Amino acid sequence: MATLQEQLLKAGIVDEKKAKQLKKEKRKAAKQPKGQTQIDESKAAAARALAEKAERDRELNRKRQAEVEKKAIQAQITQLISTHKLDRRGGELSYQFVDGKKIKKLYVTNDLQTQLTRGQIAIVKQGETYELVPATVAEKIKQRDESRVLVLHDKSASQTVDEDDPYADYQIPDDLMW
């Protein structure tokens, strides 16, 4: 009776090269002391390389996903501004505000200026232009990107009066122009 290896060779399931390689590995395993396993260094290096490549791919995917989310948020903000912007035509009063380190001027009507000072509407940045939007829309924009909301006065900002203030009896009018 032939060995299993010889039977597989005769059947054509295994070729001679593969049979010799298996014999060689079996001999190496038999020569090793018991309890120690031989680690194939090339297999370990290949596994490490695969793990590193997988980690790089995951990091790259995270960055791409973050960019896609950022673009989606900017598109949402642009859509909010374009659908809710208020008409400023006929504005004769200049309303000055700060954008970064520059003082900008926006011409508004008397009603719009009153609403701006009361916090009912806000000034937001749309590219290189500035638009007026309702305060509720400005809050939504602020949640997504605070840098786009330039002017939004707090509605509940009550003026705190200091007891020692000699000018406490004199109220500053909302429509004071400098």
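Everything quoted here is computed from the prediction, not taken from an experiment.

Trainee: Is there a simple way to think about the overall build of the chain in this case?
Mentor: Broken down by element type, the chain carries 5 helices and 5 strands. Counting from the amino terminus, helix and strand elements in the chain follow one another as α-α-α-β-β-α-β-β-α-β. With 178 residues in all, the chain has 17% of them scored as buried. Contacts spanning at least 24 positions in sequence make up 48% of the contacts within the chain whose residues lie at least 6 apart. A total accessible area of about 14,900 Å² is found for the chain, and carbon and sulfur atoms account for 51% of it.

Trainee: Any chance you could explain helix α4 (residues 110-118) here in plain terms?
Mentor: Side chains three or four residues apart in an α-helix point the same way, a direct result of the helix having 3.6 residues per turn. Along α4, the positions that sit buried rather than exposed are L112, Q113 and L116. Down the axis of α4, the buried set is contained in an arc of 100 degrees. They therefore lie on one face. Contacts made by the buried residues of α4 are with β1 (93-99), β2 (102-108), β3 (121-126) and β4 (129-134). After α4 finishes, the residue G119 shows a positive phi value of roughly 85 degrees.

Trainee: I tried to follow the nonpolar core on my own but got confused; where do I start?
Mentor: Side chains of a nonpolar character, in soluble globular proteins, are inclined to be buried together. Ranked by size, the top nonpolar core spans 11 residues in total: Y95, F97, L106, V108, L112, L116, I121, I123, Y130, L132 and V151. Residues A122, V124, V133 and V137 belong to the second largest nonpolar core, which totals 10 residues.

Trainee: Honestly, the side chain of D145 in this entry has me stumped. Any pointers?
Mentor: You can see D145 is positioned in the loop between α5 (135-144) and β5 (149-151). No salt bridge forms around the buried D145; measuring N to O, its nearest opposite-charge neighbour R148 is 4.8 Å away. Within polar-contact distance, the side chain of D145 engages the side chain of S147 at 2.9 Å. Beyond its immediate stretch of four places on either side in the chain, D145 contacts Q74 and I77.

Trainee: What am I meant to see in the pattern of salt bridges here?
Mentor: Opposite charge on two side chains allows them to pair when their charged atoms are near. Counted by the stated rule, this structure contains 6 salt bridges. Put simply, K125 and D99 hold a salt bridge, and the shortest N to O gap is 3.1 Å. Linking K125 in strand β3 with D99 in strand β1, this pair joins segments that are 26 residues apart in sequence. When salt bridges with common partners are traced through the structure, they connect E55, R58, E59 and R62 into a single cluster.

Trainee: For this particular structure, what's the right way to read a negative patch on the surface?
Mentor: A contiguous patch of negative charge on the surface is contributed by E163, D164, D165 and D169. On the basis of relative accessible area, D164 is assigned to the exposed category, the value being 68%.

Trainee: Please clarify how the environment of R88 should be interpreted in this entry.
Mentor: For R88, the position within the fold is in the loop between α3 (41-84) and β1. In the structure, R88 is positioned 43 residues away from E131 in sequence and 8.5 Å away in space, judged by C-alpha atoms.

Trainee: Hey, could you run me through the side chain of E131 in this one?
Mentor: Mapped onto the fold, E131 is located in strand β4. Among buried Asp, Glu, Lys and Arg side chains, E131 stands out as unpaired, with K85 the closest opposite charge at 4.4 Å.

Trainee: Explain α5 here, please?
Mentor: Residues of α5 that are buried: A135, V137, A138 and I141. Along the axis of α5, the buried positions cluster into a sector of 150 degrees, meaning they face one direction only. More than 90 degrees from the buried face of α5, the exposed residues found are T136 and Q143. At its buried positions, α5 is contacted by α3, β3, β4 and β5.

Thresholds, definitions, all that
Residues numbered from 1 in each chain as written. Predicted model: local features only at pLDDT ≥ 70, side-chain atom pairs only at ≥ 80, totals over all residues. Heavy atoms only, no water. Helix = DSSP H or I, 4+ residues; strand = E, 2+ residues; numbered from the N terminus. Buried < 20%, exposed > 50% of the residue type's maximum accessible area, 1.4 Å probe, protein only. Contact = heavy atoms within 4.5 Å. Areas by Shrake-Rupley, 256 points an atom, 1.4 Å probe, with all protein chains shown as cover. Arc of directions from axis to C-beta. Core = buried A, V, L, I, M, F, W, Y, C linked by side-chain atoms within 4.5 Å. Lys, Arg positive; Asp, Glu negative; His and termini not counted. Salt bridge = Lys/Arg side-chain N within 4 Å of Asp/Glu carboxyl O. Polar contact = N/O pair within 3.5 Å; in protein donor to acceptor, adjacent residues only side chain to side chain. Patch = residues over 30% accessible without salt bridge, like charges linked within 9 Å, V, L, I, M, F, W, Y side chains within 5 Å. Charge placed at Lys NZ, Arg CZ, Asp CG, Glu CD.

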